Amino acid sequence: MRKPLVEDYSLLVRILFPEATSWLILAEEDAPNADLQAHWCQGVAELVELLEHCSDCVLINLTGQVVVSDNILAEISFSRQAKGTQLAYFCNPDGSLRWLFPAGNTSAYFLHLYSGSGWRGRALRQFLKWGFRLKLGRFLRHGMLCVRQTDGQAWHPVFQSIPGHQYAVFTGTKGENRKAVIAAGAKHRPDVFYKLPLTEQAEGLVMNEAKQLAKLAHSPFRSWKFPKAVIENGVLRVSNVQPTKYSTATQLTALHFQAITELSTEQYSRPLHTAKSFQQIQYALEELESLPDHPQMDKLVLKDLREQLRLLNKQINPFQSMVFSLAHGDFTPWNMFVGKNSLSVFDWELARQEPLAFDLFHFVLQSNCLIHRAEAAVVKEEVDRVLTHSFWQAHLPCDPEQYWRYYLLRHLSYYLPRYLKQQDLHQQVHWQLELWRDLLLQLQEVQKISNPSNS
């Protein structure tokens, strides 16, 4: 059995028992780091002493010893002899917790929370799907934990509302926007997804998604299918928009262009310096100047990125007018199902007003970087498809190249400061940093050719 990282124990408490006021770890060895020292008890005697000063406490029991206390709200144990609700889990490659689901699940229900695209993602999906169908799930999962409640109402209200249903939990992506997502339904297909914000920033994103979907609920667009959304006690419930037949295209199709064209019908033109989007870029670049280098980042790549972003920002005229419209904000293959005549698109938490074609550029950059691991030259070829598409005919005399440059500035200035503030970085972050650097350098080469007097 592979245990999750010790750092994930607090995550389990936040997801399963948000009303808990404290949590403690009972172990037989010393705490692995200073951050956990306040929660760590080496032996029952030390635990009993700390419990006298705690109420509504969740105990993470790593010893298998039986502990009884009126101050324990619930207990999470990794002992096979423990009694309670058995949950199985999968970990990420770095050992952090990824999926959590009832140990009795006979199907790979958690795959409804897996958005892997490309051949690797499809291969993993099929491997896990058939592994569970052949009743090999107990050999594939990384481990099990047992949850025992002393108070029947201790669970998160979402879990109390889905008894008898199948469900699975995605513990979220590390960072300031982290939230858990729960898929739940009476049959093999989820009826709803619940989003549980785990940070203050994530709470804002969940509220934004609810607001945007409420506005889109009665839209006349034919190329879109939007989830129905309800927010209760800070938790967002959205309907499942997965069609019976669909594909997961990783390159832009005519349907993608048609959908974005529809979304762009409600538009307006304004000087950049008056737009919230541009103002946020300036705040982000100011913050970027004050942030120290990240120890896990290549210093030369980071140095180039900082310099190129400064240069690109200077080259964009804040007084020029650009056409703005609603953008999904994270328009990617893993956030949509491609049907015959429409896109079923979910995760609208980053929806906002952005310059034209923002979503098209985002789709190209993210799919090529995170799925295809493409180089800058390949990305630019796909970007050129967008720049020369008939989409722009209705918006002349727009300069599409300026919209691409703005998108890069907006995207990079949003994510780079966030990555610098993260403690640990995923491998995908390093892929992005190198590609971003190459794309910015590519832009400057184009600028020199277009304006040789400025080089």
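Residues numbered from 1 in each chain as written. Predicted model: local features only at pLDDT ≥ 70, side-chain atom pairs only at ≥ 80, totals over all residues. Heavy atoms only, no water.

Q: Is there a simple way to think about the overall build of the protein in this case?
A: Each helix and strand in the protein was counted, giving 13 helices and 18 strands. Principal-axis analysis of the C-alpha atoms places the extent of the protein at approximately 75 × 50 × 35 Å. Evaluated residue by residue, the protein yields a buried proportion of 53% over its 455 residues. Considering only contacts in the protein between residues 6 or more positions apart, those separated by 24 or more positions represent 69%. For the protein, the accessible area works out to roughly 22100 Å², and carbon and sulfur atoms hold 51% of it. (Helix = DSSP H or I, 4+ residues; strand = E, 2+ residues; numbered from the N terminus. Buried < 20%, exposed > 50% of the residue type's maximum accessible area, 1.4 Å probe, protein only. Contact = heavy atoms within 4.5 Å. Areas by Shrake-Rupley, 256 points an atom, 1.4 Å probe, with all protein chains shown as cover.)

Q: Looking at this structure, I do not really get helix α12 (residues 400-421). What am I missing?
A: Quick reminder: α-helices carry 3.6 residues per turn. Residues three or four places apart thus point the same way. Between the first and last C-alpha of α12 there are 33 Å, a value that for 22 residues agrees with the 32 Å anticipated at 1.5 Å per step. Taken across its 22 residues, α12 has 18 buried, putting it largely inside the fold. (Expected span 1.5 Å × (residues − 1).)

Q: Honestly, the sheet that holds strand β9 (residues 179-185) in this entry has me stumped. Any pointers?
A: Whenever strands of a sheet pair, they do so through backbone hydrogen bonds, lying parallel or antiparallel. The strand order across the open sheet built from 12 strands is β2-β1-β3-β4-β7-β5-β6-β8-β9-β10-β13-β12, with neighbouring strands paired in mixed fashion. This sheet does not close on itself; its edge strands, each paired only once, are β2 (40-42) and β12 (229-232). Taken over all neighbouring pairs, the strand axes of this sheet differ in orientation by 25° on average, direction set aside. Pairing geometry for strand β5 (residues 85-91) and strand β7 (residues 143-149), over five bridges, is antiparallel. (Pairing = 2+ DSSP bridges. Axes fitted to C-alpha atoms, helices over the stretch in contact; angles between N-to-C directions.)

Q: Before we go on, may I ask you to explain unusual backbone geometry in this structure?
A: Trans peptide bonds make up the majority, and among non-glycine residues the majority have a negative phi. Its identity is not glycine, yet Asp56 carries a phi of approximately 50°, on the positive side. If you trace the backbone, Asp56 turns up in the loop between α2 (44-51) and β3 (57-61). Given the relative accessible area of 38%, Asp56 is considered partly exposed.

Q: When you look at the sheet that holds strand β17 (residues 343-345) in this model, what are you seeing that I'm missing?
A: In space, the three strands of this open sheet follow the order β11-β17-β16, with mixed pairing throughout. Strands with a single pairing partner mark the edges of an open sheet, and in this sheet they are β11 (224-225) and β16 (336-338). Note: β11 against β17, two bridges, orientation parallel. Pairing of Trp224 across the sheet is with Leu343, part of β17.

Q: Even after reading the chapter, I still don't get the nonpolar core, so can you show me in this structure?
A: Formed by 100 residues in total, the largest nonpolar core has its most connected members in Phe110, Trp224, Phe361, Leu408 and Leu416. No other element matches α12, which puts 12 residues into this core. Contact partners of Leu408, with chain neighbours within four places excluded, come to Leu312, Leu365, Leu439, Leu440 and Leu443. (Core = buried A, V, L, I, M, F, W, Y, C linked by side-chain atoms within 4.5 Å.)

Q: How should I be thinking about the packing of aromatic side chains in this particular structure?
A: What characterises a pair of aromatic rings is the spacing of the ring centres plus the angle enclosed by the ring planes. Scanning the entire structure with this criterion turns up 28 aromatic pairs. Ring geometry for Trp224 versus Trp348: centroids 5.6 Å apart, planes at 55°, classification tilted. One end of the pair, Trp224, is in strand β11; the other, Trp348, is in the loop between β17 and β18 (352-355), and 124 residues separate them in sequence. Judged by centre distance (5.8 Å) and plane angle (10°), the ring pair of Tyr268 and Phe324 falls under stacked. Residue Tyr268 is found in strand β14 (residues 267-271), and its partner Phe324 is found in strand β15 (residues 321-327); the two are separated by 56 residues along the sequence. (Phe/Tyr/Trp six-rings, centres within 6.5 Å; stacked < 30°, edge-to-face > 60°.)

Q: Help me understand the side chain of Lys195, please; the structure alone is not making it clear to me.
A: If you trace the backbone, Lys195 turns up in strand β10 (residues 192-197). Residue class for Lys195 comes out buried when judged on its relative accessible area of 3%. A distance of 2.7 Å separates polar atoms of two side chains, one belonging to Lys195 and the other to Glu209. Beyond its immediate stretch of four places on either side in the chain, Lys195 contacts Lys179, Ala180, Val181, Val206, Glu209, Gly234, Val235, Leu236, Asp347 and Glu349. (Polar contact = N/O pair within 3.5 Å; in protein donor to acceptor, adjacent residues only side chain to side chain.)

Q: Help me understand the environment of Val181 in this model?
A: Within the element layout of this structure, Val181 appears in strand β9. Through-space distance from the C-alpha of Val181 to that of Glu29 is 33 Å; in sequence the pair is 152 residues apart.

Q: Would you take a moment to explain the environment of Pro400 for this structure?
A: Looking at where Pro400 falls in the secondary structure, it is placed in helix α12. Distance in space between the C-alpha atoms of Pro400 and Phe278 is 17 Å, their sequence separation being 122 residues. Leave out the neighbours within four places in its chain, and Pro400 touches Phe361, Leu387 and Trp392.

Q: Would you mind going over a nonpolar patch on the surface with me for this structure?
A: Taken together, the side chains of Trp130, Leu134, Leu136 and Phe139 define a hydrophobic patch exposed on the protein surface, amounting to about 450 Å² of accessible area. With respect to the element layout, Leu134 can be found in the loop between α3 (118-133) and α4 (137-140). The exposure class assigned to Leu134 is exposed, which follows from its relative accessible area of 56%. (Patch = residues over 30% accessible without salt bridge, like charges linked within 9 Å, V, L, I, M, F, W, Y side chains within 5 Å. Salt bridge = Lys/Arg side-chain N within 4 Å of Asp/Glu carboxyl O.)

Q: Help me out: how do you make sense of the pairing of strand β1 (residues 22-27) in this one?
A: Remember that side chains alternate between the two faces of the sheet whenever the strand is regular. For β1, a buried count of six out of six residues is recorded, marking the element as mostly surrounded by other parts of the structure. Both faces of β1 are covered, namely the face carrying Ser22, Leu24 and Leu26 and the face carrying Trp23, Ile25 and Ala27. For β1 and β2, the ladder comprises three bridges, and the chain directions are parallel. Across the sheet, the residue bridging to Ala27 is Gln42, located in β2.

Q: It is not clear to me how the packing of helix α7 (residues 254-263) against helix α10 (residues 358-370) should be interpreted in this structure. Could you clarify?
A: The description of two packed helices rests on the angle between their axes and on the distance between the axes. At a minimum axis distance of 9 Å, the contact between α7 and α10 shows a crossing angle of 145°. Taking contact as the criterion, the partners of His256, Phe257, Ile260 and Leu263 in α7 are, on α10, Asp359, Leu360 and Phe363. Counted by class, the contact of α7 with α10 contains five nonpolar, one polar and one charged residues. (Nonpolar A, V, L, I, M, F, W, Y, C, P; charged D, E, K, R; others polar.)

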